[in-house]
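Structural overview for review
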Amino acid sequence: MTDEVTDEVQRARANVELAWLDMEKAMGTRIRGVRERRGLSQAQLSELVKSRGFNLHQTAIAKIEAGKRPLRVGEFFALSDCLGFTPMGLFYLPEDAIAPRPLKELDALLAAAHESARESEGSMLQNINDLITIHVGNESRKQLLAMQMRIALQREEPAAEGMSDGERQAEA
């Protein structure tokens, strides 16, 4: 090969290498944006990735996000999964299509909230029934007491009518 062709091949390789590096930087920026939208720290993402079988330390994630460390294919798949995307979804979806949390997590939160509300409703209904029972019991006792007082007064009135003032005072 001539020197001119060799130089051109080297320039082409350098351009391809720069393009790949730019793509890695763009992907790192993308990962950082999604991670932040999910409310995850780099350390939390690192733990999630470790649960998928990759020992990717927080500092490695920082370097990937800054475009200073290459991203391996397996790491990319694990990161995508941890962030709630397929690899192609993470790569291609527009930034505004990224929800703050994965739908599975939101569904689980909604189901837990629904269950908690149902339990609270049951507890509240039981408390209302207990209060009604107490109230009815108190009303019944008040009515019974009032009736007993009327009966007692009625028994005392006829006896008191037949007594003289001195007998009433002695009785008192």
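The preceding data block contains the structure.
Residues numbered from 1 in each chain as written. Predicted model: local features only at pLDDT ≥ 70, side-chain atom pairs only at ≥ 80, totals over all residues. Heavy atoms only, no water.

1. Some remarks on the overall build of the chain
When its secondary structure is counted, the chain shows 7 helices and 0 strands. Written out in order from the N terminus, the α and β elements of the chain read α-α-α-α-α-α-α. For the chain, the residues scored as buried account for 19% of the 172 residues in total. Taking the intrachain contacts of the chain between residues at least 6 apart in sequence as the baseline, contacts between residues at least 24 apart amount to 57%. Carbon together with sulfur atoms contributes 58% to the accessible area of the chain, which is approximately 12,900 Å² in total. (Helix = DSSP H or I, 4+ residues; strand = E, 2+ residues; numbered from the N terminus. Buried < 20%, exposed > 50% of the residue type's maximum accessible area, 1.4 Å probe, protein only. Contact = heavy atoms within 4.5 Å. Areas by Shrake-Rupley, 256 points an atom, 1.4 Å probe, with all protein chains shown as cover.)

2. Some remarks on a negative patch on the surface
Where like charges cluster on the molecular surface, the negative patch consists of Asp 3, Glu 4, Asp 7 and Glu 8. Within the fold, Glu 8 resides in helix H1 (residues 3-37). What makes Glu 8 exposed here is its relative accessible area of 52%. (Patch = residues over 30% accessible without salt bridge, like charges linked within 9 Å, V, L, I, M, F, W, Y side chains within 5 Å. Salt bridge = Lys/Arg side-chain N within 4 Å of Asp/Glu carboxyl O. Lys, Arg positive; Asp, Glu negative; His and termini not counted. Charge placed at Lys NZ, Arg CZ, Asp CG, Glu CD.)

3. A word on a nonpolar patch on the surface
On the surface, Met 124, Leu 125, Ile 128, Ile 132 and Val 136 cluster together into a nonpolar patch covering about 450 Å² of accessible area. When you line up the elements, Ile 132 lands in helix H6 (residues 103-161).

4. A short note on the nonpolar core
Grouped together as the largest cluster of nonpolar side chains are 18 residues, with contacts concentrated most on Ile 31, Leu 45, Leu 83 and Leu 90. The set of elements that each furnish at least two residues to this core consists of H1, helix H2 (42-51), helix H3 (58-65) and helix H4 (73-82). Per-element accounting of this core gives the leading share, 4 residues, to H4. For Leu 45, the contacting residues outside a window of four places in its chain are Ile 31, Arg 35, Leu 40, Ile 61, Leu 79, Cys 82 and Leu 83. (Core = buried A, V, L, I, M, F, W, Y, C linked by side-chain atoms within 4.5 Å.)

5. With respect to the side chain of Glu 75
As for its position among the elements, Glu 75 is in helix H4. The contact partners of Glu 75, leaving out residues within four places of it in the chain, are Phe 54, Leu 56, Ile 64, Arg 69 and Pro 70.

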